[in-house]
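Here's the letter readout for the chains.
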Amino acid sequence: MNQEEIKNIDNKNATKAYINEIREQIIDKQARKLFEDLKWIELKDISPCKSDLFPTVITGKGEKILLIHGFDSCFLEYRRLTPFLKKNNKLIIPDLYGFGFCPRSNGNKYGFKYLMKHLNSVLNYYSKDQPIGVIGASMGGALALELARQNPKKVNKLLLLSPAGLAGKNPKIPWPFNHLGAFFLRQPFVRKNLCRQAFADPTNSVGPAEEQIASIHLKVPGWQSSLADFASNGGVSNCGLPKPTQPLKIILGKYDRIIPKNEKEETSRTYNSNIEIAENSGHLPHLEEPKLVAEAWKEI
């Protein structure tokens, strides 16, 4: 599908068309399996475009778990953890607002408050009268904390995987630097380097399948503009306190090279008794040690 064809259909259909185009080209078998469970749900008052539908993977049976992916990622981030959890749990894996395969309609704004509005809507859509658990990875860990604080009766326990954004304060990046940053982040050599940096042992853990998934959402219409708007609003930061009231565990990768040292130290001071170290992981324990993560969830 060329750019002219994309311009002739609305963002929602463009996103669906893009997924239909690439899903059979995906190398990773577990990622292809997740696409089979992808649903498009209607969430009221989230987007100015009333016809927007939001991508969410629904799979498994049992107690419900909401899984929140990290920055500039998508639901495919949970491809290796899903098989361990879906046997006894119903998994709800949305793409965050303005990320992954979400539609980016004209007039949409992106930032922390919009992410939280979307997540609250997803939580209300699926929790009904029964509380659910939440797993958050990287930036998704910070969002999971805030979601739990805002919904003490709807969220019953938390697992944070190498959470980012718990300490420190991100600056708001003005135009045109926000767009320059997004353009830079799109470059193949940058994507490849970040993908390798996220794993503890990139030589043995990163290949064409991992690199493909790390960049697969970049051609979704509106990717650069939504990321630039997100940066101009300061992203997600300083979400570590106050502590939520729900039971909580944090898994930190021993070889995490993504989270700044001072943020890791602050997280360790604040949540010391809640922390478990994944000895063979970098920033992605749910990809590098999914069985350990699944066992940790059972123990909370």
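**Describing the packing of helix 8 (residues 188–198) against helix 10 (residues 208–215)**
Where helix 8 contacts helix 10, the two axes come as close as 10 Å, and the packing angle between them is 115°. The interaxial crossing formed by helix 8 with helix 10 has right-handed handedness. Judged by residue contacts, Arg191, Lys192 and Cys195 of helix 8 engage Glu210, Glu211, Ala214 and Ser215 from helix 10. In the contact of helix 8 with helix 10, the residues fall into two nonpolar, one polar and four charged.

**Digging into the sheet that holds strand 3 (residues 63–68)**
In space, the eight strands of this open sheet follow the order 1-2-4-3-5-6-7-8, with mixed pairing throughout. A strand with exactly one partner marks an edge of an open sheet, and here the two such strands are strand 1 (38–41) and strand 8 (275–278). For this sheet, the mean inter-axis angle between neighbouring strands, taken without regard to orientation, is 25°. In terms of strand pairing, strand 1 meets strand 2 (residues 54–59) through four bridges, oriented antiparallel. Across the sheet, the residue bridging to Leu38 is Val57, located in strand 2. Relative to the sheet, helix 5 (residues 112–127) contacts strand 1, strand 2, strand 3, strand 4 (89–94), strand 5 (132–137) and strand 6 (155–161), its axis offset from that of strand 4 by approximately 155°.

**Quick word on the packing of aromatic side chains**
For the coordinates displayed, the defined rule picks out 11 aromatic pairs. Ring centres of Tyr18 and Phe101 lie 6.4 Å apart, and the angle between their planes is 35°; on these two criteria the pair is classed as tilted. Here Tyr18, found in helix 2 (residues 11–22), pairs with Phe101, found in the loop between strand 4 and helix 5; they are 83 residues apart in sequence, far enough to count as distant. Across this residue pair, the class does not change: Tyr18 and Phe101 are buried. Taken together, the aromatic side chains of Tyr18, Phe35, Phe75 and Phe101 make up a single cluster linked through ring pairs.

**Considerations on the packing of helix 5 against helix 6 (residues 139–150)**
Between helix 5 and helix 6, whose axes approach to 10 Å, the crossing angle comes to 65°. Here the hand of the crossing between helix 5 and helix 6 comes out right-handed. In this structure, helix 5 uses Phe112, Leu115, Met116, Leu119, Asn120 and Leu123 to contact helix 6, whose residues at the interface are Met139, Leu143, Glu146, Leu147 and Gln150. Across the contact of helix 5 with helix 6, the residue classes break down as eight nonpolar, two polar and one charged.

**Let's talk about the nonpolar core**
Within the largest apolar cluster, 45 residues are counted, with the highest numbers of intra-cluster contacts made by Ile68, Leu115 and Leu143. Ranked by residue count, the leading element in this core is helix 6, at seven residues. Contact partners of Leu115, with chain neighbours within four places excluded, come to Leu96, Tyr97, Phe99, Met139, Leu143, Phe230 and Val236. Formed by 33 residues, the second largest nonpolar core is a distinct cluster that contains Leu76, Leu81, Ile93 and Ala278.

**Quick notes on the pairing of strand 7 (residues 248–253)**
Among the six residues that make up strand 7, six are buried, leaving the element largely enclosed by the rest of the structure. What you see with strand 7 is no split at all: Leu248, Ile250 and Leu252 on one side and Lys249, Ile251 and Gly253 on the other are buried throughout. Bridge analysis of strand 7 against strand 8 gives four bridges, and the strand direction is parallel. Across the sheet, residue Leu252 finds its bridge partner in strand 8, namely Ile277. On the question of chirality, the crossover connecting strand 7 to the parallel strand 8 by way of helix 12 (residues 261–270) is right-handed.

**Observations concerning helix 7 (residues 177–186)**
Among all positions in helix 7, only Asn178, Ala182 and Leu185 are buried. For helix 7, the buried positions fall inside an angular range of 60° around the axis, keeping them on one side. Opposite the buried face of helix 7, at more than 90 degrees from it, the exposed residues are Phe177 and Leu180.

**Things to note about unusual backbone geometry**
Each neighbour pair has its own omega, and for Trp175 with Pro176 the value is 5°, a cis peptide bond. Here Pro176 is to be found in the loop between strand 6 and helix 7. A cis amide bond, omega -5°, links Leu241 with the succeeding residue Pro242. Take Pro242: it is sitting in the loop between helix 11 (223–232) and strand 7. For Asp45, which is not glycine, the phi dihedral falls at a positive 60°. Topologically, Asp45 is positioned in the loop between strand 1 and strand 2. Its relative accessible area of 54% is what places Asp45 among the exposed residues. The backbone of Asp72 sits at a positive phi, close to 50°, despite the residue not being glycine. By the element assignment, Asp72 lies in the loop between strand 3 and helix 4 (82–85).

Cut-off values and rules
Residues numbered from 1 in each chain as written. Predicted model: local features only at pLDDT ≥ 70, side-chain atom pairs only at ≥ 80, totals over all residues. Heavy atoms only, no water. Axes fitted to C-alpha atoms, helices over the stretch in contact; angles between N-to-C directions. Helix = DSSP H or I, 4+ residues; strand = E, 2+ residues; numbered from the N terminus. Left-handed = near helix turned anticlockwise from the far one by under 90°. Contact = heavy atoms within 4.5 Å. Nonpolar A, V, L, I, M, F, W, Y, C, P; charged D, E, K, R; others polar. Pairing = 2+ DSSP bridges. Phe/Tyr/Trp six-rings, centres within 6.5 Å; stacked < 30°, edge-to-face > 60°. Buried < 20%, exposed > 50% of the residue type's maximum accessible area, 1.4 Å probe, protein only. Core = buried A, V, L, I, M, F, W, Y, C linked by side-chain atoms within 4.5 Å. Right-handed = clockwise from strand over helix to strand, strands pointing away. Arc of directions from axis to C-beta.

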